Amino acid sequence: MTPKPFFLGMSRLIAIACFAAGAWGLIVEGNLSAAPKPRPTPTPTATPAPTASPTATPTATATFTPTPTPSPAPSAPVANAATNVTMTSFTANWGTVTNATGYRLDVAKSRSFANDIIQNLNVFNVNSFPVTGLNPSTRYYYRVRAYNGTGVSPNSNVITVDTSSPTPTPTATATATATATATPTATATATATATFTPTPTATATATATFTPTPEPTATPTATATATATATATPTPTPTPTPTATPTPLLAADDFNRADGGLGANWTRPLASENNLVIVNNQVGVDVENSNNYAFWSADSFSEDQYSQITITKMGNWPGVIVRADGVQDRFYLGLLSGPNDYSIYRRWDGVYYLVARGTAETWQVGDVLTLGVIGSANPVTVTLYHNGNAVLSWTSSSQAEVKNGGSPGIGIFSPLGQALTLDNWEGGNIPPDTQPPSTPGNLVATATGVSQVHLSWTASTDNVGVTGYLVERQDPGSQSFVQVGTSTGTSYNDTGLAAGSSYSYRVRATDAAQNLSEYSGVASATTLAGIAASDDFNRADGFLGANWTKPPASQNNLVIVNNRVGVDVEDTHNYAFWSANSFSEDQYSQVRISNVGPWNGVIVRAQLIIDRFYLAFVFGANDYRIYLRKDGLYYELITGTTETWAAGDIIGLEAAGLNPVQLTLLRNGNPVLTYTDTTENLFGGSPGIGIYSPSGYHLAIDDWEGGNLGTLGILRSLGTLVPDTQAPSTPTLVGDAIR
């Protein structure tokens, strides 16, 4: 998979003072989570109606730029600063407009108002309005319009509001109540501590390899040898410790003991508002809707340390901490907020700073989340691992961001009723790493269009852990290789290349200590020749731009957020086709999927007026489909299940011929599914893209290319390259929603 580059740096610093249920998807300005708008549902019939009403597109368009009305309308009001700002609400204020009979209010999480919380709300003839149900420590924007019987004014100026941050004080009441209920916790702590003598303070077996992978789940089996191991540290480690006792390289806890407190081996840092407790041999919280932490205080650790847990329930959020202590309110935090949402935070003197966020990985119950930190002085590197693979990293930019000392631990914020838990903790020292990773193998380069080449290779291994890969390219006519990108997975998509040109590539692996592997073998590919258009979406958040047009089937908007394409309203169908150029009947469209979920993909032969096109998309890791959209209805043409898709893969769709039309779905340039359409015979139109993102999935795509098919596509349409032995199935009518 191809997440964002390994060393991300700190692209944006967001200070927040608490984690709250569902808040993390809203922290980054322009995030796509938004309340879904109603979706028109066509009447399903056995055969599609010859003409279908277009879906409610104009309403969604107003999300970005409400059209100003002519002069008889009132003048724009002046919005004033918000008052009564709390963690979850504020009061919006504005001045009076003389001829206005009422006002309309917009509230959003981005200045472009691409993801409105409140859209065009009629608040009647008032000059203030309470906005509630918000998230703590989150930035919001509001604007107002005046109206009367003749029209609506332009927008007012935009006001920025930052909701306040929770502090331990407000939660004191909840703590008292919950503690009273959980009185057994305090008593049980002493009992559990006394009973739990075989504390897994050190496991010599696991010390030799710091592998942040699922293998350390074997730690429970090592508990019986903990005492013997602690006494038997054979040779002094090169890392000095703050105490006279030898530093254990590993500690572990499977929490398999009586319900109650964690025990004497664990200590709460200052940031912990309430308690982590053992429930059914896992760790949960005694008070939900609060931040709860604990670090392993039974041993001392070096500066270079890691902490890892097993995810037992998906939610917002379980995680791990490193370099925590009982004196300074500072540590680094890695957490999981959803299946495609994971972050690194810096907790600093009562404030949380979001330093890195990822959305490309797909997490599930049973996965292992690990956070490691390396370095004693600036720069310090903090890396988050998914099942042992580095997927997110942050490097400090000044000494003021460096926390020294402390120990690894755990943390949970469990929204009310979610009962989030975690299990099988392990933490310890990261030993000095002088061993380079093994050489990446089986490098394959595949031209996926006139301007892109897709690379894939087999993973390297390392004694500590591979953190990424460096990709180098040799351009036509050049004698040398130059680094063109990085990847934390085993694939890379190279874009912006010249048509009909040959490129060569090589890859090498790196680890957290910057040890470099040997180069892989060289792989070459020649881009296709032909007429095509491309878009990498590397521009300001907002609309796609003048080159893109919505077909009638699009219920809302595809928008650019953080240099990728997502949707402004989830739980709706969103499409756009490239309208800046004209293409032949034989055309292709391809895009890189940023994450896997129902669903993102491409369209071909789409038009502005006629509600018809072909659609290919990835529905799940082993579920990919070709559909026909016709006059308000979707028809499933064919489904594939043998390929395993991952973030970073490129999905392509080719349409060749007029009667019949040969459709080919490609994964990373290789045909994996074909269908011969002998009945519908869609003609004309242009290639484009589409997304249906269920609420909370934040599906996204990137690096689009589309154009006329060259010789390669024509050969496929004739069956020369893709033998098609499957008879066409009868299209299945699936109504207005592809679910």
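This report concerns the structure included in the present document. Predicted model, so just to flag it, every value in this text is computed and none were measured. (Residues numbered from 1 in each chain as written. Predicted model: local features only at pLDDT ≥ 70, side-chain atom pairs only at ≥ 80, totals over all residues. Heavy atoms only, no water.)

### Details of the overall build of the protein
Stated formally: Secondary structure elements follow DSSP: runs of H or I no shorter than four residues count as helices, runs of E no shorter than two count as strands, and numbering proceeds from the N terminus. Under the scheme applied here, a residue whose accessible area is under 20% of the maximum for its type counts as buried, over 50% as exposed, and between as partly exposed, the area being computed with a 1.4 Å probe on protein chains only. Whether two residues touch is decided by their heavy atoms; if any such pair falls within 4.5 Å, the residues are in contact. Under the convention used here, a 1.4 Å probe and the Shrake-Rupley method define accessible areas, while residue burial counts only the protein chains that appear.
If you tally the helices and strands in the protein, you get six helices and 49 strands. The burial tally for the protein puts 57% of its 739 residues in the buried class. Of all intrachain contacts in the protein linking residues separated by at least 6 positions in sequence, the fraction that spans at least 24 positions is 69%. Within the structure as shown, the protein displays about 27,500 Å² of accessible surface, and the carbon and sulfur contribution to it stands at 56%.

### Regarding the sheet that holds strand β3 (residues 90-94)
Test applied: Note on pairing: two strands pair once DSSP finds at least 2 bridges between them. Axis geometry follows a simple rule: fit a line to the C-alpha atoms, using only the stretch in contact for helices, then measure angles between N-to-C directions, giving values from 0 to 180 degrees.
Here three strands make up an open sheet; going across it, the order is β2-β3-β6 and the pairing antiparallel. Strands at the two margins of the open sheet, each flanked by one partner only, are β2 (79-83) and β6 (128-131). This sheet shows a mean twist of 20° between the axes of neighbouring strands, independent of strand direction. Direction of pairing for β3 relative to β6: antiparallel, over a ladder of four bridges. The residue of β6 that forms the bridge with F90 is V131.

### Brief notes about the pairing of strand β21 (residues 368-374)
Most of β21 sits inside the fold, with six of its seven residues counted as buried. Sheet topology places β21 next to strand β22 (residues 381-386); six bridges connect them, and they run antiparallel. In the strand pairing of β22, G372 is matched with T383. Counting the residues in the hairpin turn of β21 and β22 gives six residues, including G375, whose phi is positive at 110°.

### Here we look at the pattern of salt bridges
The condition is simple: Salt bridge, as applied in this entry: a Lys or Arg side-chain nitrogen positioned within 4 Å of an Asp or Glu carboxyl oxygen.
Counting across every chain of the model gives 24 salt bridges. Measuring nitrogen to oxygen at the nearest pair gives 2.8 Å for the salt bridge that ties D349 to R330. Of this pair, D349 sits in the loop between β19 (341-348) and β20 (351-358) while R330 sits in strand β18 (residues 330-338); the two residues are 19 residues apart in sequence, bridging distant segments of the chain. Since its relative accessible area comes to 48%, D349 is described here as partly exposed. One salt bridge connects R612 with D631, and the closest N-O pair in it is separated by 2.9 Å. Of this pair, R612 sits in strand β41 (residues 612-620) while D631 is found in the loop between β42 (623-630) and β43 (633-640), placing the two residues 19 residues apart along the sequence. R612 sits in the partly exposed class, given a relative accessible area of 27%.

### Brief notes about unusual backbone geometry
The linkage connecting N378 with the following residue, P379, adopts the cis geometry, with an omega of 5°. Counting through the fold element by element, P379 comes out in the loop between β21 and β22. A cis amide bond links N659 to the next residue, P660, at an omega of 5°. Within the element layout of this structure, P660 appears in the loop between β44 (650-656) and β45 (661-667). Backbone geometry at N681 places phi at a positive 55°, although glycine is not the residue there. Inspection of the secondary structure puts N681 in the loop between β46 (670-677) and β47 (686-692).

### Here we look at the side chain of T527
In plain terms, the rule: Under the rule applied, a polar contact is a pair of N or O atoms within 3.5 Å (in protein, one hydrogen donor and one hydrogen acceptor; residues adjacent in sequence only if both atoms are side-chain atoms).
Mapped onto the elements, T527 comes out in the loop between β32 (523-526) and β33 (532-535). By relative accessible area, T527 is classed as buried at 3%. Within polar-contact distance, the side chain of T527 engages the backbone nitrogen of G500 at 3.0 Å. When sequence neighbours within four positions are dropped, the list of residues in contact with T527 reads A447, G449, V450, Q452, V453, L497, A498, A499, G500, S501 and Y503.

### A word on the sheet that holds strand β27 (residues 453-458)
Strand order in the open sheet made by the three strands is β26-β27-β30, with antiparallel pairing throughout. Looking at strand neighbours, the two that pair on one side only are β26 (441-447) and β30 (491-494), the edges of this open sheet. Direction aside, the axes of adjacent strands within the sheet are offset by 15° on average.

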